[in-house]
Amino acid sequence: MTSKPSKKKFIVEENETIDDCLQRMSDEGYFPVRRTEQPIFKEEIRESIVEHVPCGRKIVFEGKLV
């Protein structure tokens, strides 16, 4: 019999709301203990200069087993 890890990371998917992700965590038996956000950048060339422009964010929840 395999046991679940006591901590697990859940990423909010592209077509998913935060509430959907939290519900998915709950369904798997975890509750959120930490939320982190990481910016996502894309490169744009303007006047032969490469600029990094923010285009989104990645939200990750760390869950602890109930």
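What counts, and where the lines are drawn
- Residues numbered from 1 in each chain as written.
- Predicted model: local features only at pLDDT ≥ 70, side-chain atom pairs only at ≥ 80, totals over all residues.
- Heavy atoms only, no water.
- Helix = DSSP H or I, 4+ residues; strand = E, 2+ residues; numbered from the N terminus.
- Rg over C-alpha atoms; globule rule 2.2 N^0.38 Å.
- Buried < 20%, exposed > 50% of the residue type's maximum accessible area, 1.4 Å probe, protein only.
- Contact = heavy atoms within 4.5 Å.
- Areas by Shrake-Rupley, 256 points an atom, 1.4 Å probe, with all protein chains shown as cover.
- Lys, Arg positive; Asp, Glu negative; His and termini not counted.
- Charge placed at Lys NZ, Arg CZ, Asp CG, Glu CD.
- Patch = residues over 30% accessible without salt bridge, like charges linked within 9 Å, V, L, I, M, F, W, Y side chains within 5 Å.
- Salt bridge = Lys/Arg side-chain N within 4 Å of Asp/Glu carboxyl O.
- Pairing = 2+ DSSP bridges.
- Axes fitted to C-alpha atoms, helices over the stretch in contact; angles between N-to-C directions.
- Core = buried A, V, L, I, M, F, W, Y, C linked by side-chain atoms within 4.5 Å.

This part is about the overall build of the protein chain. Scanning the protein chain from terminus to terminus reveals 1 helix and 3 strands. Counted from the first residue to the last, the protein chain has its helices and strands arranged as β-α-β-β. For the protein chain, the C-alpha radius of gyration of 17 Å lies well beyond 11 Å, the compact-globule estimate for 66 residues. Overall size of the protein chain, expressed as C-alpha extent along the three principal axes, is 60 × 20 × 20 Å. Considering the protein chain as a whole, with its 66 residues, one finds that 18% of them fall into the buried category. Here the analysis covers contacts within the protein chain between residues at least 6 apart in sequence; of these, 54% occur between residues at least 24 apart. Carbon and sulfur atoms provide 51% of the accessible area of the protein chain, an area that totals close to 5,500 Å². The averaged location of the 13 negative side-chain charges in the protein chain is 9 Å from the averaged location of its 12 positive side-chain charges.

Side chains of Phe 31, Val 33 and Val 66 sit close together on the surface and give an oily, nonpolar patch of about 300 Å² of accessible area. If you trace the backbone, Val 66 turns up in the segment after strand E3 (49–65). Accessibility expressed as a relative area gives 78% for Val 66, which makes it exposed.

This paragraph deals with the sheet that holds E3. Strands sit in the order E1-E3-E2 across an open sheet of 3 strands; the sheet is antiparallel. Where the open sheet ends on each side, the last strands, each with one partner, are strand E1 (7–11) and strand E2 (30–46). Each neighbouring strand pair of the sheet contributes to a mean axis angle of 25°, computed without reference to strand direction. Across the sheet, helix H1 (residues 18–27) lies against E1, E2 and E3, angled at about 30° from E3, the strand it touches most.

Let us look at the nonpolar core. Formed by Phe 10, Val 12, Cys 21, Met 25, Tyr 30, Ile 59 and Phe 61, the largest nonpolar core amounts to 7 residues. Of all the secondary structure elements, the ones that give two or more residues to this core are H1 and E3.

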